[in-house]
Amino acid sequence: KNQVEQSPQSLIILEGKNCTLQCNYTVSPFSNLRWYKQDTGRGPVSLTIMTFSENTKSNGRYTATLDADTKQSSLHITASQLSDSASYICVVSVLSGNTPLVFGKGTRLSVIA
Amino acid sequence: GAVVSQHPSRVICKSGTSVKIECRSLDFQATTMFWYRQFPKQSLMLMATSNEGSKATYEQGVEKDKFLINHASLTLSTLTVTSAHPEDSSFYICSARHVRAGETQYFGPGTRLLVL
């Protein structure tokens, strides 16, 4: 069964600190992996997208990694800001089939002053 | 580019009434649109896939007669929640797949539905 597991479920950090969110998946055949940021009451916004051959990708203070062998990904946030408070969702695309996207439950990040 | 809008952003209705939610791709054509439902602290759950000019494909457990989907053009899809009940209260999010962007989906801002 295609699944995406994220950890931790929630995280509280001080402003300015770094943090790393984890994503493990059992999706086959794998197409790509995306990290989304979802503010409360808003739709998801794409942060990064990585294909099978990509190990790391950055978008400003966000850096995502992908290990296709162990089927793990991480999202590292550097120098966190209050506006980083949101849910971060890991989404894996299936190469074929009727359900193209498999969503994780997300990690709820709270950045406090 | 690749902006998706939803209307309304939030709606409160009485039990038994029907509610229509619009999803529009503002600056691109979308052959396929997806409708998701998200309950608090849960991930997005795909309800149905809507292809322009054809009937929607519903996920298992989603009642097609209750959640009516119309995708009349390449820029507009609508979801109508018929005879809404309190358990239908949720956050409904649509996404649109660009004709030339492969499988990339762009998400709308969501619609909060509260059924009293």
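Residues numbered from 1 in each chain as written. Chains lettered and ligands numbered in written order. Predicted model: local features only at pLDDT ≥ 70, side-chain atom pairs only at ≥ 80, totals over all residues. Heavy atoms only, no water.

Novice: How would you sum up the overall build of chain A? Please name residues and give values.
Specialist: If you tally the helices and strands in chain A, you get zero helices and 11 strands. Over its C-alpha atoms chain A spans a radius of gyration of 14 Å, differing by no more than 12% from the 13 Å that the globule rule assigns to 113 residues. Seen through its C-alpha atoms, chain A measures out along the principal axes to roughly 45 × 30 × 20 Å. Of all 113 residues assigned to chain A, the portion counted as buried reaches 44%. Expressed as a percentage of contacts within chain A between residues at least 6 apart in sequence, the contacts between residues at least 24 apart total 56%. For chain A, the exposed area adds up to about 5,500 Å²; of that, 49% sits on carbon and sulfur atoms. Side chains of chain A give 10 positive and 7 negative charges; the mean places of these two sets differ by 6 Å. (Helix = DSSP H or I, 4+ residues; strand = E, 2+ residues; numbered from the N terminus. Rg over C-alpha atoms; globule rule 2.2 N^0.38 Å. Buried < 20%, exposed > 50% of the residue type's maximum accessible area, 1.4 Å probe, protein only. Contact = heavy atoms within 4.5 Å. Areas by Shrake-Rupley, 256 points an atom, 1.4 Å probe, with all protein chains shown as cover. Lys, Arg positive; Asp, Glu negative; His and termini not counted. Charge placed at Lys NZ, Arg CZ, Asp CG, Glu CD.)

Novice: With reference to specific residues and values, describe the sheet that holds strand E7 (residues 62-67) of chain A.
Specialist: Residues and elements named next belong to chain A. Strand order in this open sheet of five strands is E1-E3-E8-E7-E6, and the pairing throughout is antiparallel. One side of each edge strand has no neighbouring strand; the edge strands of this open sheet are strand E1 (3-7) and strand E6 (56-59). Recorded for the sheet is a direction-independent mean angle of 15 degrees between the axes of neighbouring strands. Strand direction decides the pairing type here: E1 and strand E3 (residues 19-26), joined by five bridges, are antiparallel. Bridging from a neighbouring strand, Gln6 pairs with Cys23 of E3. (Pairing = 2+ DSSP bridges. Axes fitted to C-alpha atoms, helices over the stretch in contact; angles between N-to-C directions.)

Novice: I'd love a proper account of the packing of aromatic side chains, names of residues and values included.
Specialist: Applying the stated rule across the entire model yields eight aromatic pairs over all chains. On the basis of an interplanar angle of 85 degrees and a centroid distance of 5.3 Å, the ring pair of Tyr36 of chain A and Phe107 of chain B is categorised as edge-to-face. Highlighted residues: Tyr36 of chain A in strand E4 (residues 30-38) and Phe107 of chain B in strand E10 (residues 105-107), drawn from two different chains. Each member of the pair, Tyr36 of chain A as well as Phe107 of chain B, carries the same accessibility label: buried. Ring centres 5.7 Å apart and planes at 45 degrees place the aromatic pair Tyr36 of chain B and Phe107 of chain B in the tilted group. In this pair, Tyr36 of chain B is assigned in strand E4 (residues 30-38) and Phe107 of chain B in strand E10, connecting sequence segments 71 residues apart. The pair Tyr36 of chain B / Phe107 of chain B is uniform in exposure class, with both members buried. Here the aromatic residues Tyr36 and Phe103 of chain A together with Tyr36 and Phe107 of chain B are joined through ring pairs into a cluster of three or more. (Phe/Tyr/Trp six-rings, centres within 6.5 Å; stacked < 30°, edge-to-face > 60°.)

Novice: Give a description of the interface of chain B and chain A that names residues and reports values.
Specialist: Each partner contributes to the interface: chain B provides 19 residues, whereas chain A provides 18 residues. Around 1,400 Å² of area is buried between chain B and chain A when both sides are counted, 53% of it from carbon and sulfur atoms. For the interface between chain B and chain A, the tally reads zero salt bridges. In this assembly, chain B and chain A are joined by two residue pairs in polar contact (both at pLDDT 80 or more). (Buried area = accessible area lost by both parts, 1.4 Å probe. Salt bridge = Lys/Arg side-chain N within 4 Å of Asp/Glu carboxyl O. Polar contact = N/O pair within 3.5 Å; in protein donor to acceptor, adjacent residues only side chain to side chain.)

Novice: Lay out the nonpolar core with the relevant residues and their values.
Specialist: One recurring pattern in soluble globular proteins: nonpolar side chains tend to sit buried together. Membership of the largest hydrophobic core comes to 26 residues, with the highest contact counts inside it found for Val4, Tyr25, Leu33, Trp35, Leu75 and Tyr88 of chain A. Of all elements in the fold, only E3, E4, strand E5 (45-51), E7, strand E8 (72-77), strand E9 (86-94) and strand E11 (107-112) of chain A reach the threshold of two or more residues within this core. For Leu75 of chain A, the contacting residues outside a window of four places in its chain are Cys19, Thr20, Leu21, Trp35, Leu47, Tyr62, Thr63, Ala64 and Tyr88 of chain A. In terms of nonpolar packing, the next biggest core, distinct from the first, is built from 24 residues, Val11, Val19, Ala30 and Phe67 of chain B among them. (Core = buried A, V, L, I, M, F, W, Y, C linked by side-chain atoms within 4.5 Å.)

Novice: Can you explain the pattern of salt bridges? Please cite residues and give values.
Specialist: Residue and element names in this part refer to chain B. Summed over the entire model, instances satisfying the criterion amount to four salt bridges over all chains. Glu22 is paired through a salt bridge with Arg24; the nearest N and O atoms lie 3.4 Å apart. Classification of Glu22 as partly exposed rests on a relative accessible area of 23%.

Novice: So what about the layout of surface pockets? Which residues, and what values?
Specialist: Reported here for the largest pocket is a volume of approximately 1,200 Å³. Considering the residues around the largest pocket, the lining is formed by 42 residues, among which Gly104 and Lys105 of chain A together with Gln42, Ser43 and Leu44 of chain B are closest to the centre. Broken down by secondary-structure element, the contributors of at least two residues to the lining of the largest pocket are E1, E9, strand E10 (101-103) and E11 of chain A together with E4 and strand E5 (45-51) of chain B. It is E1 of chain A that contributes the most residues to the lining of the largest pocket, four residues altogether. Here the lining of the largest pocket is built from residues that sort into 15 nonpolar, 17 polar and 10 charged. (1 Å grid on protein atoms, 1.4 Å probe; cavity = no way out; pocket = protein on both sides within 12 Å on 5 of 7 lines; lining within 4 Å. Points joined across faces, edges and corners; volume = space filled by probe spheres on them. Nonpolar A, V, L, I, M, F, W, Y, C, P; charged D, E, K, R; others polar.)

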